[in-house]
Amino acid sequence: MNEEILKLQNGSDIRGVALEGVEGEHVNLTPEIANVVGQAFAQWLSAKTNKSAGQLKVGVGMDSRISGQNLMVAVSSGLISQGVDVKCCGLATTPAMFMSIVFEQSQFDGSVMITASHLPFNRNGIKFFTKDGGLEHEDITEILKLAQEKQALPVDVSEEKNFDLIYLYAQHLRAAIMQGVGDSQRPLGGLRIIVDAGNGAGGFFAEKVLKPLGANIEGSQFLEPDGRFPNHIPNPENKEAMESIRQAVLASRADLGLIFDTDVDRMSAVLDDGSEINRDAIIAMISAILAPNNRGATIITDSVTSDRLTYFLERVLGLKHLRYMRGYKNVINKQKELCAQGENAPLAMETSGHGALKDNYFLDDGAFLAVQLVIALAKAARQGKKLQSLIEKLPPAGEEAELRFKINDENFKEYGKNVLEQFAERARDVGCIMPESFEGVRISFKGGPEADGAEGWLLLRLSLHDPVMPLNIEGTTPGSLEKIKRAAALLLQGFDKLDMSALN
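Residues numbered from 1 in each chain as written. Predicted model: local features only at pLDDT ≥ 70, side-chain atom pairs only at ≥ 80, totals over all residues. Heavy atoms only, no water.

Considerations on the sheet that holds strand S10 (residues 256-260)
Then comes step 1: A sheet is described by the order of its strands in space; here 4 strands give the open sequence S9-S10-S11-S12, paired in mixed fashion. Only two strands of the sheet have a single neighbouring strand rather than two, namely strand S9 (193-196) and strand S12 (276-277). (Pairing = 2+ DSSP bridges. Helix = DSSP H or I, 4+ residues; strand = E, 2+ residues; numbered from the N terminus.)

Quick notes on the sheet that holds strand S15 (residues 347-349)
Then comes step 1: The strand order across the open sheet built from 5 strands is S14-S13-S15-S16-S17, with neighbouring strands paired in mixed fashion. Since the sheet does not close on itself, it has two edges, and those belong to strand S14 (320-323) and strand S17 (363-364), each with one partner.
Then comes step 2: Where S15 lies against strand S16 (residues 355-357), 3 bridges are found, and the strand directions are antiparallel. Paired with Leu347 across the strands is Leu357, a residue of S16.
Then comes step 3: Contacts between helix H9 (residues 307-316) and the sheet are confined to strand S13 (298-301) and S14, with S14 contributing the most and set at about 150 degrees to the helix.
Then comes step 4: The sheet strands contacting helix H10 (residues 328-340) are S13, S14, S15, S16 and S17, and the helix crosses S13 at an angle near 155 degrees. (Contact = heavy atoms within 4.5 Å. Axes fitted to C-alpha atoms, helices over the stretch in contact; angles between N-to-C directions.)

Thoughts on unusual backbone geometry
Then comes step 1: Positive phi is not limited to glycine here, since Asn50 has a value of about 60 degrees.
Then comes step 2: Note on placement: Asn50 falls in the loop between helix H1 (31-49) and strand S3 (57-62).
Then comes step 3: In this structure Asn50 comes out as exposed when scored by relative accessible area, which is 71%.
Then comes step 4: Unusually for a residue other than glycine, Arg253 sits at a positive phi of about 55 degrees. (Buried < 20%, exposed > 50% of the residue type's maximum accessible area, 1.4 Å probe, protein only.)

Observations concerning the side chain of Ser117
Then comes step 1: Looking at the element boundaries, Ser117 is found in the loop between strand S5 (110-114) and strand S6 (123-130).
Then comes step 2: Within the structure, the side chain of Ser117 is placed 3.3 Å from the side chain of His118, a separation counted as a polar contact.
Then comes step 3: When sequence neighbours within four positions are dropped, the list of residues in contact with Ser117 reads Arg15, Asp63, Arg65, Asp261, Thr262, Asp263 and Arg266. (Polar contact = N/O pair within 3.5 Å; in protein donor to acceptor, adjacent residues only side chain to side chain.)

Remarks on the packing of helix H5 (residues 165-181) against helix H11 (residues 366-382)
Then comes step 1: Relative orientation of the contacting elements H5 and H11 amounts to 30 degrees, with a least axis distance of 9 Å. Between H5 and H11, the angle falls in the class roughly parallel. The way H5 lies across H11 gives a crossing that is right-handed. Each of Tyr169, His172, Leu173, Ala176, Ile177, Gly180 and Val181 in H5 lies in contact with H11, whose residues at this interface are Ala367, Phe368, Val371, Val374, Ile375, Ala378, Lys379 and Arg382.
Then comes step 2: Residues that form the contact of H5 with H11 fall into these classes: 11 nonpolar, 2 polar and 2 charged. (Parallel < 35°, antiparallel > 145°, perpendicular 65-115°, else oblique. Left-handed = near helix turned anticlockwise from the far one by under 90°. Nonpolar A, V, L, I, M, F, W, Y, C, P; charged D, E, K, R; others polar.)

Quick notes on helix H7 (residues 239-252)
Then comes step 1: End to end, H7 covers 20 Å across 14 residues, agreeing with the expected 20 Å (1.5 Å per residue, within 8%).
Then comes step 2: Among the residues of H7, Ala241, Met242, Ser244, Ile245, Ala248, Val249 and Ser252 are the ones counted as buried. Down the axis of H7, the smallest arc covering the buried residues is 155 degrees, so these residues share one side. H7 presents Lys239, Glu240 and Ala251 as exposed residues on the side facing more than 90 degrees away from its buried surface.
Then comes step 3: Against the buried residues of H7 lie S9, S10, strand S11 (267-271) and S12.
Then comes step 4: Where H7 begins, the side chain of Asn238 points an oxygen toward the backbone nitrogen of Glu240, at a separation of 3.1 Å.
Then comes step 5: Of the residues trailing H7, Arg253 is marked for its positive phi of about 55 degrees. (Expected span 1.5 Å × (residues − 1). Arc of directions from axis to C-beta.)

A closer look at the packing of aromatic side chains
Then comes step 1: Taken as a whole and judged by the stated rule, the model has 9 aromatic pairs.
Then comes step 2: A ring pair is formed by Phe41 and Trp44, whose centres lie 6.0 Å apart and whose planes are at 15 degrees; its orientation type is stacked. Here Phe41 and its partner Trp44 are both found in helix H1, 3 residues apart, which amounts to about one turn of the helix.
Then comes step 3: With a centroid separation of 6.3 Å and 80 degrees between ring planes, the pair formed by Phe204 and Phe205 is classed as edge-to-face. For the pair Phe204 and Phe205, one class covers both residues: buried.
Then comes step 4: An aromatic cluster is defined as three or more aromatic residues linked by ring pairs; in this entry it consists of Tyr169, Phe204, Phe205 and Phe260.
Then comes step 5: Just above the ring of Trp457 sits the side chain of Arg442; from NZ or CZ to the centre is 4.0 Å. (Phe/Tyr/Trp six-rings, centres within 6.5 Å; stacked < 30°, edge-to-face > 60°. Lys NZ or Arg CZ within 6 Å of the ring centre and 35° of its normal.)

Things to note about the packing of H1 against helix H4 (residues 137-148)
Then comes step 1: With their axes 8 Å apart at the nearest point, H1 and H4 run at an angle of 120 degrees to one another. As H1 packs across H4, the resulting crossing turns out to be right-handed. Residues Val36, Val37, Ala40, Phe41, Gln43 and Trp44 of H1 touch H4, and the partners they reach there are Asp139, Glu142, Ile143, Leu144, Leu146 and Ala147.
Then comes step 2: Split into classes, the residues belonging to the contact of H1 with H4 amount to 9 nonpolar, 1 polar and 2 charged.

Examining the nonpolar core
Then comes step 1: Membership of the largest hydrophobic core comes to 78 residues, with the highest contact counts inside it found for Leu188, Ile193, Phe205, Leu256 and Leu258.
Then comes step 2: The element best represented in this core is H11, accounting for 11 residues.
Then comes step 3: Not counting the four nearest positions on each side in its chain, Phe205 is found in contact with Leu173, Val195, Leu210, Leu258, Phe260, Ala367, Ala370 and Val371.
Then comes step 4: If you look at the next biggest cluster of nonpolar residues, it comprises 37 residues, including Ala40, Val60, Phe128 and Leu135. (Core = buried A, V, L, I, M, F, W, Y, C linked by side-chain atoms within 4.5 Å.)

Some thoughts on a negative patch on the surface
Then comes step 1: A cluster of acidic side chains, namely Glu414, Glu421, Glu425 and Asp429, defines a negative patch on the protein surface.
Then comes step 2: With respect to the helices and strands, the residue Glu414 is situated in helix H12 (residues 412-429). (Patch = residues over 30% accessible without salt bridge, like charges linked within 9 Å, V, L, I, M, F, W, Y side chains within 5 Å. Areas by Shrake-Rupley, 256 points an atom, 1.4 Å probe, with all protein chains shown as cover. Salt bridge = Lys/Arg side-chain N within 4 Å of Asp/Glu carboxyl O. Lys, Arg positive; Asp, Glu negative; His and termini not counted. Charge placed at Lys NZ, Arg CZ, Asp CG, Glu CD.)

Let's talk about the state of the cysteines
Two cysteines joined by a covalent bond between their sulfur atoms form a disulfide.
Then comes step 1: The final tally for this structure, using the stated rule, is 0 disulfides.
Then comes step 2: Among the cysteines around Cys88, which has no disulfide bond, Cys89 carries the closest sulfur, lying 6.8 Å off.
Then comes step 3: Looking at Cys88, the relative accessible area reads 12%, which means it is buried. (Disulfide = S-S within 2.5 Å.)

Structure below.
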């Protein structure tokens, strides 16, 4: 067990297979491992806070996954074995677990969330929070190394103290809506707002946030927690999931549809006309809401956002666009860095739907982002406007594609870096426009000969963990996508260990 435990690290989280049921995937995240991880977190947090383990108070929650209860009990057992005062928060969300450290009624020293976001039913994982937010990659490595040295110490958790965190969290979100709209009675009266929770942990948003404030939530779907995820993948990036909420909005004639991932740290939306507000559009929408009070501020995004978003943020809203790296921790850490330097960076957001507001503890909180949309909707309705008016000047999306090239080389990182270097050199030699890129090589096409008159962009990058090079392409005029593909194929000629069959 201890030799394999380091392999469970996934960036700044722990993730693994918690249930049998998928061919070729065997359990490697067991209750025994969760127990020693709980012990290790107690030791790590004790050193971090300069408190003894017996002085620590830690909340533990889970999403709706089938394996969640056993892993939650196991982590709690490991913490309790070290003397930690554990509060069982039951079904919760990842952002709520961080807020348990902030809320006056709880003020935990740390918190643990059992979740694997949108991954299949057989997977699960563990996230940790302190008052500084989510842990970093090196923190997880340290905790797993500490766990390697420990043996499982199951203890009786029947006396574990239950804590209704979602009640507090929903109260917090309702207060934000009432304050934002300027109405403490029924700020959402007359509006139909529906929620698709994908059978994850987000169903509370309809029943405990929207409905008490006067919203009609009829048409909401998949609010019941079910870790088998029988209806669709709880993932705002999934096309079937977005089509499901889109159809629900149209069928119920809703003013707005909201969709969350399993643990509610991501969200997207659908407008009353069926328009999907995700990827570039959700960043544009939240930015437009923030812009009036943040003139000239910097919006930080991941590397695959489009040129149309840059145009909208900079030319329409008067903001700055910093296109940074993929990975929600990367964009949030950059936001924190800029703010610490005195620069105003109110929003850091990935196209995946992870979005952190400076004024919300730099926390990627899907429900709090949804609150911003709900407030904007209520204000617009009172002025006789629609929510889509906020992004009416966002240029339409072009043809998009993401191609993934497998690297057939054991030293895939070195090979991939070499590909990027030569790709960039070749692009410069043929006169390509290459904007600053913090990740991979980005090329803009403005109708020149290098791509037969195509307009759009591409980004070639190296996956952080896998032997894969993703190529993102957007063509903004008819036929440009295929022309950019052909240009990319020419620039990538001769790399015999790069499987580029996706270009055919």
